[in-house]
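Listed here are the chains, written in short residue letters.
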Amino acid sequence: MKNRSLSAVPTVMTLAWRTDKRRLMIGGGLVLLGVLAQPGVALGIRALTNRALAGEPTSTLVVLAFVVAGCLVGQLMLSHFGHLWYFELGEQVETELNLMVAQAIHRNQPLDAIERPEVADGIDLARADVARIRTTVEATILLTTVALQLLFTCILLASVSWWLLLLPLAALAPVTMTSSAEAPLQQAREDSAVHARRIRQTRDGLTLPDQVKETRLGHADRRLIGIHDHAQRDYAHGMRRGYLSYTLRRGLGQLPFAAALVASIAWSAHLAVQGQTTIGDVVMILALTTQVGGQVANAVGQLNTVTTASAGLQRILTLANSRPPSRGTHQPPSVLAQGIELDHLGYTYPGATTPALRDLTLRIPAGTALAVVGENGAGKSTLINTLQSLYQPTGGRILIDQTDLTDISPDAWHARSAALFQDFTHFDFTAQQCIGVGDIDQIDNPAAVTTAAERAGALPLITAIGGLRTVLGNRLQPGRELSGGQWQAVGLARALMHDQPLLLTLDEPGHSLDPEAEIAMVEAYERAARDYAHRAGAIAIYVTHRLSSVRQADIVVVLRDGHIEAVGSHDELLAQGGYYRRSEERRVGK
């Protein structure tokens, strides 16, 4: 990773200024006054010592004592109040950075790229980096004020002897070493990212309510704890080397400053013995040397924070600025006239050697209801992701009314597609939001959400749980928990939020349903599909490995090992024999 110790400062401070410039100015001003009070303490001590030795009146000494006390109080209190002002600003910056990461993932990263381990590691690191970068606002303010503090300290040191300026110059050694010390630590963090991800996964399996039940029933807790401990050891081993190099470099950087500190005190004492300076100057130098130590330590600490944040920001910016693959710009047709054609379609997952889809050729006329069946791993879900333009074909083409899907804007095609995936998300929102997120422009429209629920046959459920304002799930706030089948109905309603899709897909929707519930869902789906087909020529695709729900499909496609084994109607495939007939015979018990 390239060394850019302060590269996060302009980006984060620009973001902070844009977010809340008033809070930034007030917080920074209070901190500045607080840190400048520290040299004031040394000045006050010098004046107080010299006046006391000169026999000045008690009233003068009391005034000077109050000045010193005031500087001490200002040093303690003003920085604290400044922190209160800019702490919330750091949280706002963190929110903006999280949004930047989320937008980068959705806009620049194809779905199959996000699923790659090395990309997933980068995203995990970027998400962890955001929490560290939020402190950059505070660190930058403190680093700036400490620099001013050191400037005033240098002026006071030079007023006694120019040689004393070697003390702050010696402080540059640890500052310089801090930059180089961060590089091996960041490299260790990147190398250990896979272990950190495994630690989080096993912790989820041991702590998250929706995963604990499987862990407990399978008596897998000891096994998961063992995996967790092994990953923790690997992570600690990888990070130990990074921290060892980091600590060694920083320790070596502190040695020149420690030697200069001892020499400064000895030189001040020598000047006093020679009568070239006052006792008050010596006391001030003693105060300043201890302050310089604290100032340098503070500067190194804040620089370390900024350096760490800069390394993390580079990862975030790399993610945000990554160039997406070439995307089409054409708009999909308003109505499907011819349909969808698979022209020798192939797809191979990144890093895989065996294709998931191989040489698929099929014409699907507009208005068709298509069922895709096959064993687990046959390529059914991969085909759906490719048709939805979530994956880019690695071979062949998908034609939409004779236009290559890669020439059509993915965002525009997504707006004309509707899908219920087998692993659809359970949002802990209100029922209206859970359904309305299927068409974000209509999420605040109760009439549109109600229409979608009616299409999906979910309106009786919504009425029974108390209406659209009822919160679903209990993870974020007290709400109404639903069964698997009820969540499935909500998911179908979400998929049917689009008023005029060209492609409607259901991917294994019955995997968590009993036969009756699956039939009810398929019937609701078929009603919606017929309506969409009538109004827009939409194609409806039903993906399953269960054959009980595909009888009404116009075309049934049998996928096997990533290629099309057979195509036909239900009766035609039974007559052909093969996988479809064997599966049907097993289903009916022959």
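Our subject in this report is the structure included herewith. Here the structure is a predicted model, which means the values were calculated and not measured.

Things to note about the overall build of the chain
Part 1 of the argument: If you tally the helices and strands in the chain, you get 20 helices and ten strands.
Part 2 of the argument: For 590 residues, the compact-globule estimate of 2.2 N^0.38 gives 25 Å, and the C-alpha radius of gyration of the chain, at 34 Å, exceeds that figure by more than 25%.
Part 3 of the argument: Principal-axis analysis of the C-alpha atoms gives the chain an extent of 115 × 50 × 50 Å.
Part 4 of the argument: In the structure as shown, the chain presents an accessible area of about 28900 Å², 58% of it carried by carbon and sulfur atoms.
Part 5 of the argument: Counting 51 positive and 54 negative side-chain charges, the chain places the centres of these two groups 6 Å from one another.

A short note on the packing of aromatic side chains
Part 1 of the argument: For the structure shown, the criterion picks out five aromatic pairs.
Part 2 of the argument: Seen in terms of ring centroids, tyrosine 347 and tyrosine 391 are 5.0 Å apart; in terms of plane orientation they differ by 15°. Their pairing is stacked. Highlighted residues: tyrosine 347 in strand S1 (residues 339-347) and tyrosine 391 in the loop between helix H12 (380-387) and strand S4 (395-400), separated in sequence by 44 residues. Comparing tyrosine 347 with tyrosine 391 shows no difference in burial state: the two are buried.
Part 3 of the argument: Considering the side-chain rings of tyrosine 525 and tyrosine 542, the 5.9 Å spacing of their centres and the 45° angle between planes classify their relative orientation as tilted. Remark: tyrosine 542 occurs in strand S8 (residues 539-544) and tyrosine 525 occurs in helix H18 (residues 515-536); sequence separation between them is 17 residues.
Part 4 of the argument: Residue classification places tyrosine 542 among the buried positions, given a relative accessible area of 4%.
Part 5 of the argument: Every member of this aromatic cluster is reached through a ring pair, and the members are Tyr347, Tyr349 and Tyr391.

Considerations on the side chain of arginine 23
Part 1 of the argument: Residue placement: arginine 23 occurs in helix H1 (residues 8-53).
Part 2 of the argument: The contacts of arginine 23, once residues within four sequence positions are left out, are Leu84, Trp85, Tyr86, Glu88 and Leu89.

Here we look at the nonpolar core
Part 1 of the argument: Counting 47 residues, the largest nonpolar core has Ile435, Leu472, Val490, Leu492, Leu504 and Leu506 as the members making the most contacts within it.
Part 2 of the argument: Here valine 490 is in contact with Cys434, Ile435, Leu461, Leu472 and Leu482, once residues within four sequence places are set aside.

Some words on the sheet that holds strand S5 (residues 403-404)
Part 1 of the argument: Pairing is antiparallel across the open sheet formed by four strands, whose spatial order is S2-S1-S4-S5. At either end of the open sheet lies a strand with only one pairing partner, and these are strand S2 (357-365) and S5.
Part 2 of the argument: With six bridges joining them, S1 and S2 adopt antiparallel strand pairing. Within S2, the residue paired with leucine 342 across the bridge is leucine 362.
Part 3 of the argument: Here H12 sits on the sheet and contacts S1, S2 and S4; the angle it forms with S1, its principal contact strand, is near 120°.

Topic: the pattern of salt bridges
Part 1 of the argument: For the structure on display, the rule yields eight salt bridges.
Part 2 of the argument: The salt bridge partner of arginine 535 is aspartate 499, with a shortest N-O separation of 3.7 Å. Here arginine 535, found in helix H18, pairs with aspartate 499, found in the loop between helix H17 (484-495) and strand S7 (503-507); they are 36 residues apart in sequence, far enough to count as distant.
Part 3 of the argument: Classification of aspartate 499 as partly exposed rests on a relative accessible area of 44%.
Part 4 of the argument: A single network of salt bridges, built from pairs that share partners, joins Arg455, Asp499, Asp531 and Arg535.

Notes on helix H15 (residues 446-455)
Part 1 of the argument: Residues Val449, Ala452, Ala453 and Arg455 constitute the buried set of H15. The arc that holds the buried residues of H15, viewed along the axis, is 160°, so those residues lie on one side.
Part 2 of the argument: With a side-chain oxygen positioned 3.1 Å from the backbone nitrogen of alanine 447, the residue opening H15 is asparagine 445.
Part 3 of the argument: Just downstream of H15 lies glycine 457, where phi reads positive at about 70°.

Some words on the sheet that holds strand S3 (residues 369-373)
Part 1 of the argument: The six strands lie next to each other as S6-S7-S8-S3-S9-S10, forming an open sheet whose pairing is mixed. With one partner strand each, in any of the chains shown, strand S6 (417-420) and strand S10 (563-568) form the two edges of the open sheet. Sheet twist, expressed as the mean angle between neighbouring strand axes with direction ignored, is 15°.
Part 2 of the argument: Bridge count between S6 and S7: four bridges; the pairing is parallel.

Quick word on the side chain of asparagine 385
Part 1 of the argument: Within the secondary structure, asparagine 385 is located in helix H12.
Part 2 of the argument: On the accessibility criterion, asparagine 385 (12% relative accessible area) is buried.

Looking at the environment of threonine 307
Part 1 of the argument: Its location among the elements puts threonine 307 in helix H11 (residues 279-321).
Part 2 of the argument: Judged by relative accessible area, which is 5%, threonine 307 ranks as buried.

Some thoughts on empty space enclosed by the protein
Part 1 of the argument: Applying the stated criterion across every chain, the model contains three cavities of 30 Å³ or more.
Part 2 of the argument: Reported here for the largest cavity is a volume of approximately 40 Å³.
Part 3 of the argument: Lining the largest cavity are Gln338, Gly339, Ile340, Glu341, Arg363, Leu399, Asp401 and Gln402.
Part 4 of the argument: A per-element tally of the lining of the largest cavity places S1 first, with three residues.
Part 5 of the argument: For the lining of the largest cavity, the residue count by class is two nonpolar, three polar and three charged.

A short note on the packing of helix H8 (residues 193-207) against helix H10 (residues 221-273)
Part 1 of the argument: Interhelical geometry of H8 versus H10 gives an angle of 155° and a closest axis separation of 9 Å. Judged on the interaxial angle alone, H10 and H8 are roughly antiparallel. For H8 against H10, the interelement crossing comes out left-handed. The residues of H10 that touch H8, namely those facing His195, Ala196, Arg198, Ile199, Thr202, Arg203, Gly205 and Leu206, are Asp221, Leu224, Ile225, Ile227, His228, Ala231, Gln232, Asp234 and Tyr235.
Part 2 of the argument: Residue composition of the contact of H8 with H10, by class: eight nonpolar, five polar and four charged.

Structural notes on a nonpolar patch on the surface
Part 1 of the argument: On the surface, a cluster of nonpolar side chains totalling about 480 Å² of accessible area is made up of Val73, Leu76, Met77, Phe81 and Leu84.
Part 2 of the argument: On the secondary structure map, valine 73 appears in helix H2 (residues 58-108).
Part 3 of the argument: We classify valine 73 as partly exposed; its relative accessible area is 49%.

So, H10
Note that an α-helix has 3.6 residues per turn; residues three or four places apart therefore point the same way.
Part 1 of the argument: A rise of 1.5 Å per residue sets the reference length of H10, with its 53 residues, at 78 Å; its end C-alpha atoms lie 73 Å apart and thus fit the reference within 8%.
Part 2 of the argument: One or two residues past the end of H10 sits glycine 275, with phi positive at roughly 75°.

Definitions and cut-offs
- Residues numbered from 1 in each chain as written.
- Predicted model: local features only at pLDDT ≥ 70, side-chain atom pairs only at ≥ 80, totals over all residues.
- Heavy atoms only, no water.
- Helix = DSSP H or I, 4+ residues; strand = E, 2+ residues; numbered from the N terminus.
- Rg over C-alpha atoms; globule rule 2.2 N^0.38 Å.
- Areas by Shrake-Rupley, 256 points an atom, 1.4 Å probe, with all protein chains shown as cover.
- Lys, Arg positive; Asp, Glu negative; His and termini not counted.
- Charge placed at Lys NZ, Arg CZ, Asp CG, Glu CD.
- Phe/Tyr/Trp six-rings, centres within 6.5 Å; stacked < 30°, edge-to-face > 60°.
- Buried < 20%, exposed > 50% of the residue type's maximum accessible area, 1.4 Å probe, protein only.
- Contact = heavy atoms within 4.5 Å.
- Core = buried A, V, L, I, M, F, W, Y, C linked by side-chain atoms within 4.5 Å.
- Pairing = 2+ DSSP bridges.
- Axes fitted to C-alpha atoms, helices over the stretch in contact; angles between N-to-C directions.
- Salt bridge = Lys/Arg side-chain N within 4 Å of Asp/Glu carboxyl O.
- Arc of directions from axis to C-beta.
- Polar contact = N/O pair within 3.5 Å; in protein donor to acceptor, adjacent residues only side chain to side chain.
- 1 Å grid on protein atoms, 1.4 Å probe; cavity = no way out; pocket = protein on both sides within 12 Å on 5 of 7 lines; lining within 4 Å.
- Points joined across faces, edges and corners; volume = space filled by probe spheres on them.
- Nonpolar A, V, L, I, M, F, W, Y, C, P; charged D, E, K, R; others polar.
- Parallel < 35°, antiparallel > 145°, perpendicular 65-115°, else oblique.
- Left-handed = near helix turned anticlockwise from the far one by under 90°.
- Patch = residues over 30% accessible without salt bridge, like charges linked within 9 Å, V, L, I, M, F, W, Y side chains within 5 Å.
- Expected span 1.5 Å × (residues − 1).

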